[in-house]
Amino acid sequence: QLLALSLDLKADYFDTAFREPLATLRLLHYPPVVSNPEDGLFACGAHSDYGMVTLLLTDDVPGLQILSKKKEWINVPPGFDNGSSSNNGEKPPDIALICNLGDMLERW
């Protein structure tokens, strides 16, 4: 409902399409390498996500890029420092949660 409201739609706009939700959880790791099929190395190339929403948790490994409306590739920083500290005074790991709206939402 928050997604619908953020798109200036009625809160229940998507409700009928998700009465029987289909959720998939896939734990993927994209190694920081470039594909080289001749050597049998197949990395994940440019692609769009086919689902409705994809959540990506970053770590300290660079490589994720976003294609802008100007058709320019933008590097996503591997994480961020929120300046907070954990209970024992240590700095928390640099992470970011990215919400990617996929192809299914575009069809609406």
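Residues numbered from 1 in each chain as written. Predicted model: local features only at pLDDT ≥ 70, side-chain atom pairs only at ≥ 80, totals over all residues. Heavy atoms only, no water.

Draft legend 1. Region of interest: the overall build of the protein. Broken down by element type, the protein carries 2 helices and 4 strands. Ordering the α and β elements of the protein from the N terminus gives α-β-β-β-β-α. Nonlocal contacts in the protein, meaning residues at least 24 apart in sequence, comprise 49% of its contacts between residues at least 6 apart. (Helix = DSSP H or I, 4+ residues; strand = E, 2+ residues; numbered from the N terminus. Contact = heavy atoms within 4.5 Å.)

Draft legend 2. Inspection of the packing of aromatic side chains at higher detail. For the structure on display, the rule yields 1 aromatic pair. On the numbers, 5.0 Å between centres and 90 degrees between planes, the contact of Tyr13 with Phe14 is edge-to-face. The class of Tyr13 is partly exposed, set by a relative accessible area of 39%. According to the relative accessible area criterion, Phe14 is buried, its value standing at 7%. (Phe/Tyr/Trp six-rings, centres within 6.5 Å; stacked < 30°, edge-to-face > 60°. Buried < 20%, exposed > 50% of the residue type's maximum accessible area, 1.4 Å probe, protein only.)

Draft legend 3. Spotlight on unusual backbone geometry. With a phi close to 60 degrees, Asp8 is a non-glycine residue in the positive phi region. In this structure, Lys71 takes a positive phi of about 65 degrees despite not being glycine. By the element assignment, Lys71 lies in the loop between β2 (65-67) and β3 (73-75).

Draft legend 4. Structural context of the environment of Thr24. Positionally, Thr24 belongs in the loop between α1 (2-6) and β1 (53-57). For the pair Thr24 and Gly51, spaced 27 residues apart in sequence, the C-alpha to C-alpha distance is 9.3 Å.

Draft legend 5. A look at a nonpolar patch on the surface. On the surface, a nonpolar cluster with roughly 580 Å² of combined accessible area is contributed by Val53, Leu55, Leu57, Ile95, Leu97 and Leu101. Elements with a minimum of two residues in the nonpolar patch: β1 and β4 (97-101). Per element, the largest residue contribution to the nonpolar patch is 3 residues, and it comes from β1. Mapped onto the elements, Leu97 comes out in strand β4. Classification of Leu97 by relative accessible area gives exposed; the value is 59%. (Patch = residues over 30% accessible without salt bridge, like charges linked within 9 Å, V, L, I, M, F, W, Y side chains within 5 Å. Areas by Shrake-Rupley, 256 points an atom, 1.4 Å probe, with all protein chains shown as cover. Salt bridge = Lys/Arg side-chain N within 4 Å of Asp/Glu carboxyl O.)

Draft legend 6. Spotlight on the environment of Thr58. Among the structural elements, Thr58 can be located in the loop between β1 and β2. Between the alpha carbons of Thr58 and Ile98 there is a distance of 7.6 Å; along the sequence they are 40 residues apart.

Draft legend 7. Expanded view of the confidence of the model for the protein. Mean pLDDT over the protein: 77, with 79% of residues reaching 70 or higher. Summarising per-element confidence for the protein, the mean pLDDT is lowest in β2 (81) and highest in α1 (92). (pLDDT = per-residue confidence, 0-100.)

Draft legend 8. Region of the structure containing the side chain of Asp49. Along the chain, Asp49 turns up in the loop between α1 and β1. For Asp49, a relative accessible area of 17% gives the class buried. Within the structure, the side chain of Asp49 is placed 3.2 Å from the side chain of Thr54, a separation counted as a polar contact. Side-chain polar atoms of Asp49 contact the side chain of Asn100, separated by 2.7 Å. Non-local contacts of Asp49, meaning those with residues more than four positions away in its chain, are made with Thr54, Asn100, Gly102 and Asp103. (Polar contact = N/O pair within 3.5 Å; in protein donor to acceptor, adjacent residues only side chain to side chain.)

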